[in-house]
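# Examination of the molecular architecture
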Amino acid sequence: MKILVINGSPKGKRSNSYKLTRSFVEGISEKTDVECEEIFVKDKNIGTCLGCFACWNKTPGVCVVKDDMKDVLDKILWADIVIWSFGLYYFNVPGKMKLLVDRQLPLALPFMVSESESGGHPARFDMSGKRHVIISTCGFYTAKGNYGSVNAMFDHFLGKGRYETIYCGQGELFRVEALHDRTDEYLSYVHSAGKEFVEGGISEQTRENLNELLFPRETFETMADASWGVSKDTGEKEDETYIFTKQMASMYNKASYKGNDIVLEMCYTDEGRSYQIVLKKDGYEVLKDNFLSPTTKVITPFTVWKDIAAGKISGSQAMMKKLYRVEGDFDVMLNWGKYFGSGNTKQTSETNSSNKKDKGTSLMLTLIPWITFWVAAAIDTYAGALVSIGVCALMGIIFFRFRKTFYDMLSTTAVAGLSVLALQVPEMINLILPGSYLAFGLMWSLSCLTKVPLTAWYSMNSYNGESALQNPLFVRTNRILTLAWGVLYIITSVWTFFLMGTPVSPYLAIINNVMPILMGIFTKWFQNWYPAHYASK
Ligand SMILES: Cc1cc2nc3c(=O)[nH]c(=O)nc-3n(C[C@H](O)[C@H](O)[C@H](O)COP(=O)(O)O)c2cc1C
């Protein structure tokens, strides 16, 4: 497949529209062999059309102006697909590209065609098999309503409905590194569009994704206004740290509001500047002075925070490397993605619905078989073992509602096995019961040797799902907790072994259940305390 890209941006390879164009071509090349030629109009010597019509009468098909345009026309004739790529300038193509459009006159014959309502000229060459695509970004929040002139022009010279379009608003965001999560997502849709284009046509789903705003209008316009670096009120130049903080604040997702205003203080140590972002129910406010009492204080070099925002280093990794520290309530840090997510409505609703589809895990699936066994078998070995086997069998149904983990399966299998053993040799219950505590404790402790400790598989539900597993501090907190629980149950197995059959025996069930309750309270506290404590250093 021969592809010709004609990029009309004065920025050449730095063009936002060119980024989309590359993704589109890469999409095509995933499906078929591609030979791609690129023309950057800015680098070409293309003069204005003289309006002499020599290409129609004196030298048919040949322009009298001797410049790079001959090469451009040859390449247009050569290509199977021509991609017109440009940023929208005053609701049309940039000036130099318009020169190129005008200079296509040699490709047409002079005669009038009667089929066209407004008049037209037939093609000099067979263009019927050629496909055209327009890929363009514009600066306003939406492409809708901005491409009327572009469409009108291309309708006339390519034919209405005879070309594909990808128009994208908020084009300048494609060069903002800090927003690459969202712009990369958009580029992946353009990539899909390229794949689908050569396979028949862009699907409805992809078209829907492409039509989605990069960011909601309010977020984008606040970010765009802040990006100029001059005050909207006074027109004076603003400090880079202030612009950056305002842009960060504009990403605030009101839906994350939990009932209390959050005062996030950003202290840029290398620049000696601090700002507060107040996250409220109806929006946010950025304070330069008259500070409130901060909920959370981030103490960081500005350069580090910029690198985090640009995705050069992850926030959690930077914290583990002690590149910045946090004082106060740590919740906003753990849920940063929720507070300062892309705010893209579609993305959010898709995430929500996929969350509904992606069932959560539940620690209860692991605990239920064990607790049943410990309580039931302690009361009556035989009946207890039968009940436990029944519960293990029922777990199959419960599993259906949740996402099961390796530890859920291991627990059900282990308890079923121990129950069968108790039925076979009930006289050994004094060994089997402590043994079950030991097995449970070992399961927890040994999981600490793996990449993801046991509790992390369950507590991730409250911290953005599996993405939390990439957070070293989250994993570290869970490793400590998992080990604490593991050790508790290993010790439990020891005292259960020694106390069973003694006068204390009737109280064992109480002791063995009170300890985990206390441990549960500790866990709840530790989960909040430890990350905050670590980050404050
Ligand atoms: C001179 C000029 C005129 C522009 N006119 C418009 C316009 O009419 N509508 C719009 O939405 N954006 C307009 N923009 C913004 C560009 O379309 C936007 O920055 C685009 O992403 C640039 O794409 P490029 O990097 O591929 O050149 C204009 C920008 C410039 C410099």
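The structure this text deals with has already been given above.
A few points on the structure. Predicted, not measured: the structure shown is a model, and the values here were computed from it.

In the vicinity of the ligand lie 16 residues, with Lys11, Ser15, Ser17, Leu88 and Glu172 positioned nearest. Contact distances for the ligand include 2.7 Å between an oxygen atom and a side-chain N or O atom of lysine 11. Phenylalanine 140 places a main-chain nitrogen or oxygen 3.1 Å from an oxygen atom of the ligand. Look at the ligand: alone it shows 640 Å² of surface, and the protein chains cover 79% of it. For the shell around the ligand, a count of residues per class yields six nonpolar, eight polar and two charged.

Below, the discussion takes up the sheet that holds strand E5 (residues 163-168). Pairing within the open sheet is parallel, and its five strands lie in the order E2-E1-E3-E4-E5. Every other strand in the sheet has two partners, leaving strand E2 (35-40) and E5 as the edge strands with one partner each. Between one strand axis and the next, the sheet turns through 15 degrees on average, direction left out of account. Sheet analysis places strand E4 (residues 131-137) next to E5, joined by six bridges and oriented parallel. Looking at E5, one finds that histidine 132 is bridged to tyrosine 163. Relative to the sheet, helix H5 (residues 180-198) contacts strand E3 (81-87), E4 and E5, its axis offset from that of E5 by approximately 175 degrees.

Let's shift gears to the nonpolar core. Nonpolar side chains tend to gather and get buried jointly when the protein is soluble and globular. Leu20, Phe24, Ile83, Ile166, Tyr186, Trp305 and Tyr324 are the most contacted members of the largest nonpolar core, which totals 63 residues. The biggest single contributor to this core is H5, with six residues. Filtering out sequence-adjacent residues up to four positions away, tyrosine 186 remains in contact with Leu20, Ile166, Tyr167, Cys168, Phe174, Asn209, Leu210, Glu212 and Leu214. Within the second largest apolar cluster, 29 residues are counted, among which are Ile46, Leu100, Ala143 and Val150.

For the rest of this paragraph, the subject is the pairing of E4. By the criterion of burial, E4 is predominantly enclosed, with six of the seven residues buried. As defined by bridge partners, E3 adjoins E4 across seven bridges and the pair is classed as parallel. Opposite phenylalanine 86, over in E4, you have serine 136 as the bridge partner. Considered for its hand, the β-α-β crossover made up of E3, helix H3 (residues 95-102) and E4 is right-handed.

Before going further, it helps to examine the sheet that holds strand E10 (residues 325-328). In space, the five strands of this open sheet follow the order E8-E7-E6-E9-E10, with mixed pairing throughout. At either end of the open sheet lies a strand with only one pairing partner, and these are strand E8 (284-287) and E10. Each neighbouring strand pair of the sheet contributes to a mean axis angle of 20 degrees, computed without reference to strand direction. Of the pairings in the sheet, the one linking strand E6 (residues 262-268) to strand E9 (residues 296-300) comprises five bridges and is parallel in character. In the sheet register, methionine 266 faces E9, and the bridge partner there is valine 298.

Procedures and definitions
Residues numbered from 1 in each chain as written. Predicted model: local features only at pLDDT ≥ 70, side-chain atom pairs only at ≥ 80, totals over all residues. Heavy atoms only, no water. Near = heavy atom within 4 Å. Polar contact = N/O pair within 3.5 Å; in protein donor to acceptor, adjacent residues only side chain to side chain. Areas by Shrake-Rupley, 256 points an atom, 1.4 Å probe, with all protein chains shown as cover. Nonpolar A, V, L, I, M, F, W, Y, C, P; charged D, E, K, R; others polar. Pairing = 2+ DSSP bridges. Helix = DSSP H or I, 4+ residues; strand = E, 2+ residues; numbered from the N terminus. Axes fitted to C-alpha atoms, helices over the stretch in contact; angles between N-to-C directions. Contact = heavy atoms within 4.5 Å. Core = buried A, V, L, I, M, F, W, Y, C linked by side-chain atoms within 4.5 Å. Buried < 20%, exposed > 50% of the residue type's maximum accessible area, 1.4 Å probe, protein only. Right-handed = clockwise from strand over helix to strand, strands pointing away.

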